[in-house]
Number of protein chains: 4
Amino acid sequence: MAGSVNKVILIGNVGADPEIRRTQDGRPIANLRIATSETWRDRNSGERREKTEWHTVVVFNEGLCKVVEQYVKKGAKLYIEGQLQTRKWQDQQGQDRYSTEVVLQGFGSTLTMLDGRGEGGGASSGGGRGSSNNDYGDDYGAPAPSSSPSRGGGGGNFSRDLDDDIPF
Amino acid sequence: MAGSVNKVILIGNVGADPEIRRTQDGRPIANLRIATSETWRDRNSGERREKTEWHTVVVFNEGLCKVVEQYVKKGAKLYIEGQLQTRKWQDQQGQDRYSTEVVLQGFGSTLTMLDGRGEGGGASSGGGRGSSNNDYGDDYGAPAPSSSPSRGGGGGNFSRDLDDDIPF
Amino acid sequence: MAGSVNKVILIGNVGADPEIRRTQDGRPIANLRIATSETWRDRNSGERREKTEWHTVVVFNEGLCKVVEQYVKKGAKLYIEGQLQTRKWQDQQGQDRYSTEVVLQGFGSTLTMLDGRGEGGGASSGGGRGSSNNDYGDDYGAPAPSSSPSRGGGGGNFSRDLDDDIPF
Amino acid sequence: MAGSVNKVILIGNVGADPEIRRTQDGRPIANLRIATSETWRDRNSGERREKTEWHTVVVFNEGLCKVVEQYVKKGAKLYIEGQLQTRKWQDQQGQDRYSTEVVLQGFGSTLTMLDGRGEGGGASSGGGRGSSNNDYGDDYGAPAPSSSPSRGGGGGNFSRDLDDDIPF
DNA sequence: TTTT
DNA sequence: TTTT
């Protein structure tokens, strides 16, 4: 279906140190639990109330997984941009069950640390090596030129070069 | 600054057929004008009112430019995801002027056609070849199911080369 | 927790005519199923492939429910902005089950029709009466120009009453 | 135009203490300068590079202005959700000039503090009194019930009450 | 300059 | 169960 968008944006805190698993062929997958919450004052009692929502975030991306592994700890505040995905599985009784997760996998998925812990700063799944919308990974060799778009693991440049002289 | 986000999401109609320019080294740049509008009923008179906002969108990405060139015409309804950028220029009197544009260049930038015209359907700046948030590039493997996540390798160029001098 | 964000943005098609239920005290709740999908060309076979994701959207808002009731039909293309919520329930075996839904309830929730069917055009949960991000409620004054900002007064109910017991 | 969206999401730091002006009839308007930036490592030199983008944010909303006035200081990290607006003005030579700003005014506009300074936590422009997606203002009396949607300055409840018994 |  |  052309013309569809599936985007989740979360800012919240990580509930526990992330789990990093590996697939059989060695690729990492990180699982995070992120809490968002809303607070308000009760209309009648005047008491402060809060509701917390927990989100399961699954990171299928080597670069982002590295950032998660190195920098994301319990309590970290993150900005997450991913997609909603519901997967079907079977419980021990053989019944169909569904789990909905926020998946960071494709283009446009991003994970940024908002509390300054770690040096990673941010990362997106664009390059497979922790390149970021905001902060290219330290192991980021070079943005891919337009003319060589698909080097394995290539990243990209995200903004015009300030030092270029670009009259327009 | 780690931990920053600069994102613009627009759904609107294209005001005129796009202009496609080329840099000296041949890379395309597309310019679009997109209208968004709000309507409301006047509180006093009860009349229906409307306010239209016009946005300048600049596409620095070969893949997205191809989509624009082939499919985007005056009147098309688009979903756009880009970044805010303000550039400084000088008018004929030599005075500093500033123009703010929605730039589709970096990671996470997307352009999707919402009215079914053209076959392009959608595209994002991830792959430099019209690959899409919704339409993976030709050399891009399948999206990973939850149980077999995508290889990290798929990168791509996202835009202009940081090191180039690009007069246009 | 101050400083959290929980936002889902979807553009997709409605899979079936919406169901509208009512709470005991008469407030409507609309349920929608919305499909988003991604297409790509298989890296090896070159075949076009597609993956569709289905989302359950729950509208707790009188104004938005009216729009849904009047205008949203099977096949409609919608822009949805809401929140992720997971609720716990018990199956017939008494086991805990969880369902994650995109809830349109609070501030910032929006539903806009993208295919021009119906006159409703758009709506947000801001005003409780089908007012919109793009379409101010009837008792809502004009959007303020930059030089004459809007009165602060315009509020509204955004959803279900916190203090109510709402079985449904 | 039905079906349009105009949304800007920024996470960045405030460049200077905000300016709060007042209209002739006493309503506040806050002006903020917010920096977002991207960093990357230069492909050739390997040097770390950074590009900062400055955004002008204008808050037309009493509740949000109060939050800005009380809590937002130079250096604060904010999450902002607003709209792009370009306004026309004339310079001293009588020439037309245009300025594009991120305006927080209508439903869906939000401002949330991300660095924990201040108690305000967050605020959105929904209620005119600093109600928030995440953190209702302290002077927030009560969420508006669905049955009285438009009390002056009324806000809303943003989530289901945790303590309600809501089987569904 | 779009669209409804 | 949608859509292209």
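What counts, and at which threshold
Residues numbered from 1 in each chain as written. Chains lettered and ligands numbered in written order. Predicted model: local features only at pLDDT ≥ 70, side-chain atom pairs only at ≥ 80, totals over all residues. Heavy atoms only, no water. Helix = DSSP H or I, 4+ residues; strand = E, 2+ residues; numbered from the N terminus. Buried < 20%, exposed > 50% of the residue type's maximum accessible area, 1.4 Å probe, protein only. Contact = heavy atoms within 4.5 Å. Areas by Shrake-Rupley, 256 points an atom, 1.4 Å probe, with all protein chains shown as cover. Polar contact = N/O pair within 3.5 Å; in protein donor to acceptor, adjacent residues only side chain to side chain. pLDDT = per-residue confidence, 0-100. Pairing = 2+ DSSP bridges. Salt bridge = Lys/Arg side-chain N within 4 Å of Asp/Glu carboxyl O.

So, about the overall build of chain A. Scanning chain A from N- to C-terminus turns up one helix and eight strands. Taken from N to C terminus, the helices and strands of chain A fall in the order β-β-β-β-α-β-β-β-β. The buried share among the 168 residues of chain A stands at 64%. Of the contacts formed within chain A by residues at least 6 apart in sequence, a portion of 51% connects residues at least 24 apart. Working note: accessible area of chain A is about 6200 Å², and carbon and sulfur atoms make up 43% of it.

Residues and elements named next belong to chain B. With respect to the element layout, Arg 87 can be found in strand E5 (residues 77-90). On the basis of relative accessibility, which here comes to 18%, the residue Arg 87 falls in the buried class. Polar contacts involving the side chain of Arg 87 include one to the side chain of Glu 101, which spans 2.9 Å.

Let's shift gears to the confidence of the model for chain A. Residues shown with low pLDDT carry predicted positions that ought not to be read at fine detail. Residues with a pLDDT of 70 or more make up 68% of chain A, whose mean pLDDT is 75. Looking across chain A, the model is least confident in strand E8 (residues 122-124) of chain A, with a mean pLDDT of 57, and most confident in strand E1 (residues 5-14) of chain A, with 98.

Take the pairing of strand E1 (residues 5-14) of chain D next. Of all 10 residues in E1 of chain D, 10 are buried, a share of seventy percent or more. As judged from the seven bridges shared by strand E1 (residues 5-14) of chain B and E1 of chain D, these two strands associate in the antiparallel manner. If you follow Val 5 of chain B over to E1 of chain D, its bridge partner there is Ile 11 of chain D. Here E1 of chain D pairs with strand E5 (residues 77-90) of chain D via six bridges, running antiparallel. Bridging across to E5 of chain D, Ile 11 of chain D finds its partner in Tyr 79 of chain D. In this sheet, strand E3 (residues 28-41) of chain D lies alongside E1 of chain D in antiparallel orientation, the contact comprising two bridges. Bridge assignment links Asn 13 of chain D to a residue of E3 of chain D, and that residue is Ala 35 of chain D.

Within helix H1 (residues 62-71) of chain C, burial applies to Gly 63, Leu 64, Cys 65, Val 67, Val 68 and Tyr 71 of chain C. The residue sitting at the N-terminus of H1 of chain C and contributing the capping side-chain oxygen is Asn 61 of chain C; that oxygen lies 3.0 Å from the backbone nitrogen of Gly 63 of chain C.

Residues and elements named next belong to chain A. Along the chain, the position of Asp 17 falls in the loop between E1 and strand E2 (19-22). The class of Asp 17 is partly exposed, set by a relative accessible area of 48%. Along the backbone, Asp 17 and Lys 74 are 57 residues apart, and their C-alpha atoms lie at a distance of 4.5 Å. Not counting the four nearest positions on each side in its chain, Asp 17 is found in contact with Lys 73 and Lys 74. A distance of 2.8 Å separates a polar atom in the side chain of Asp 17 from the backbone nitrogen of Lys 74.

Tallied over the full model, the rule gives 32 salt bridges over all chains. Between Lys 7 of chain A and Glu 81 of chain A there is a salt bridge; the shortest N-O distance is 2.6 Å. Within this pair, whereas Lys 7 of chain A is found in strand E1, its partner Glu 81 of chain A is found in strand E5 (residues 77-90), the two being separated by 74 residues in sequence. Of the two residues, Lys 7 of chain A and Glu 81 of chain A, neither departs from the other in class, the shared state being buried. Connected through shared salt-bridge partners, Lys 7 and Glu 81 of chain A together with Lys 7 and Glu 81 of chain B make up one network.

All names here are of chain C. One can find Asn 31 in strand E3 (residues 28-41). Separated by 11 residues in sequence, Asn 31 and Ile 20 have C-alpha atoms that sit 6.4 Å apart. When sequence neighbours within four positions are dropped, the list of residues in contact with Asn 31 reads Pro 18, Glu 19, Arg 21, Thr 56, Val 57 and Val 58.

Take the environment of Gly 108 of chain C next. Here Gly 108 of chain C shows up in the loop between strand E6 (96-104) and strand E7 (110-113). Here Gly 108 of chain C falls in the buried class, since its relative accessible area comes to 15%. Setting aside residues no more than four positions away along its own chain, Gly 108 of chain C makes contact with Lys 7 and Glu 81 of chain C together with Gly 108 of chain D.

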